[in-house]
Amino acid sequence: MRKPYVPLLILLCLLGLPAGGTAHAADNGSWSVYPVASKIAARPYFTFSAEPGQTLTDQVAVQNKTGRPLTFRLYAADAYNTARDGGFAVRTVRERMHGVGAWAKPARSRVTVPAHRTVTVPFSLHVPDGAEPGDHPGAVVALDERVDPGSGKLALGVQRAVGARVYLRVGGPTLPALSVEQVRISHHQPLVPGLGDSTATVSYTLRNTGNVTLSPEVNLKARGLFGRTLLDRDLTRVPAELLPGQRVRLTETWRGAPQFDRGDVTLTASAPGTRQTAGASFLALPWLLVALVFTAGALTGALLVRARRVRARRSAPARPSRRERTTPSRPRSSPSARP
């Protein structure tokens, strides 16, 4: 019996410029996708500026690094930030497109690249008249439509794709805007104070409410009683690029958090042209100790109340006994009185 295959995941390698390094083609070891070099130099990605109603043209190169021909589905896609870590990702071919994915059209939707060869494919990008100003990121993607089989009763197939990033800015007013939302803090403390480390997890949502791509920086501060500084840290697990309209849920672990304190945490997110702050309060208590103290207090209170009632009963004066009512005797009649 043939196993049913479920396409579970599309692995995307996207062309980018690594921090502190040089630009390189998006590559998964079998094929790569990159912009055709200009007359001046190689380009790390496609960068366009256009006005509404304008049409642009360019070329993308697909290189086959294997010893056999490979056939790809070529399509343009919108970009987004992944929910897990805010990484740069693109929509699948079956998803609805609204920006670059809807406006860019490769000259060929499918291309076969011979072994160890490179094929260049032109594409056009038409910006509609009603396009909103600002950044519209995306990619030109080469997708291998074959599904690699998995194992098990229900095989999970995997499709692979590689895409060259497209950064398009549509002319008009630009607005950098950033917000920090839903700040939460949770404590994880040892049952017995002092026996083990205390940690706290600070979670928050970082949202790009403007129309341009931002490279945010986030600072975390914690202050305890009387304004004592407990923590002052620049966070590193922040998206390098937060795309317009995107939000990501992020967490930061605070090791060595106080086990007995009350204070506030403050998150400050900033990028060129925008700065926002949000925070939350916290109460760190050794809950086992608090529960024991509360239980001991409740028992002590109950014993004191009982003892007071016993003393009150002993010191109360005895009530006098009620007198018995006597029944008056009927006088006897004398014999002389009878008729």
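These numbers were taken from a predicted model, which means no experiment stands behind them.

Trainee: I'm lost on the packing of aromatic side chains in this one. Help?
Mentor: Pairs of aromatic rings are described using the distance from one ring centre to the other and the angle between the two planes. Taken as a whole, this structure holds seven aromatic pairs when the rule is applied. Judged by centre distance (5.0 Å) and plane angle (70 degrees), the rings of Y45 and Y167 are edge-to-face. In this pair, Y45 is assigned in the loop between β3 (31-35) and β4 (46-50) and Y167 in strand β12 (residues 155-170), connecting sequence segments 122 residues apart. On the basis of relative accessible area, Y45 is assigned to the partly exposed category, the value being 24%.

Trainee: Help me understand the nonpolar core, please; the structure alone is not making it clear to me.
Mentor: For soluble globular proteins, the rule of thumb is that nonpolar side chains tend to be buried together. Grouped together as the largest cluster of nonpolar side chains are 31 residues, with contacts concentrated most on F48, F72, L125, V127 and L168. Ranked by residues supplied to this core, first place goes to β12 with five residues. Residue contacts for L125: discarding those within four places in its chain leaves F48, Q54, T55, L56, W103, A104, V166 and L168. Residues A222, L235, L242 and A280 belong to the second largest nonpolar core, which totals 28 residues.

Trainee: Please explain the environment of P52 as it appears in this structure.
Mentor: Along the chain, the position of P52 falls in the loop between β4 and β5 (55-64). For the pair P52 and V127, spaced 75 residues apart in the sequence, the C-alpha separation amounts to 5.3 Å. In contact with P52, not counting residues within four places along its chain, are V127, P128, D129, A131, V170 and G171.

Trainee: Help me understand the sheet that holds strand β8 (residues 104-106) in this model?
Mentor: Sheets are built from strands that pair by backbone hydrogen bonding, the pairs being arranged parallel or antiparallel. With antiparallel pairing, the five strands of this open sheet are ordered in space as β2-β3-β5-β10-β8. Among the strands making up the open sheet, the edge pair consists of β2 (26-27) and β8. The sheet contact formed by β8 and strand β10 (residues 118-126) spans three bridges and is antiparallel. By the bridge assignment, P106 is partnered in β10 with F123.

Trainee: Mind showing me how you'd approach the environment of S281 here?
Mentor: Tracing the sequence through the fold places S281 in strand β19 (residues 274-284). Residue classification places S281 among the partly exposed positions, given a relative accessible area of 46%. Note: C-alpha distance between S281 and R184 (97 residues apart in sequence) is 8.6 Å. Not counting the four nearest positions on each side in its chain, S281 is found in contact with I185, G263 and D264. Within the structure, S281 has its side chain in polar contact with the side chain of D264 (distance 2.6 Å).

Criteria and cut-off values
Residue positions are given per chain, counting from 1 as you read along its sequence in written order. For a predicted model such as this one, the threshold for reporting local features is a pLDDT of at least 70, and the threshold for listing and counting side-chain atom pairs is 80 or more; totals across whole chains, interfaces and linings nevertheless cover every residue. Side-chain measures were taken over the full set of non-hydrogen atoms in the model, leaving aside hydrogen atoms and water. Aromatic rings from Phe, Tyr and Trp, taking only the six-membered ring of Trp, are treated as a pair when their centres fall within 6.5 Å; an angle between ring planes under 30 degrees marks them as stacked, one over 60 as edge-to-face, and anything in between as tilted. Labels follow the DSSP assignment, with helices taken as runs of H or I lasting at least four residues and strands as runs of E lasting at least two, numbered in each case from the N terminus. Only protein chains enter the accessibility calculation, which uses a 1.4 Å probe; a residue whose area is less than 20% of its type maximum is buried, one above 50% is exposed, and one in between is partly exposed. Among buried residues, those of type Ala, Val, Leu, Ile, Met, Phe, Trp, Tyr and Cys that are joined through side-chain atoms within 4.5 Å constitute a nonpolar core. Should any heavy atoms of two residues lie within 4.5 Å, those residues are counted as being in contact. Two strands qualify as a pair provided DSSP detects at least 2 bridges between them. Polar contacts, as used here, are pairs of N or O atoms within 3.5 Å; protein pairs need one atom able to donate a hydrogen and one able to accept it. Residues neighboring in sequence count only if both atoms are side-chain atoms.

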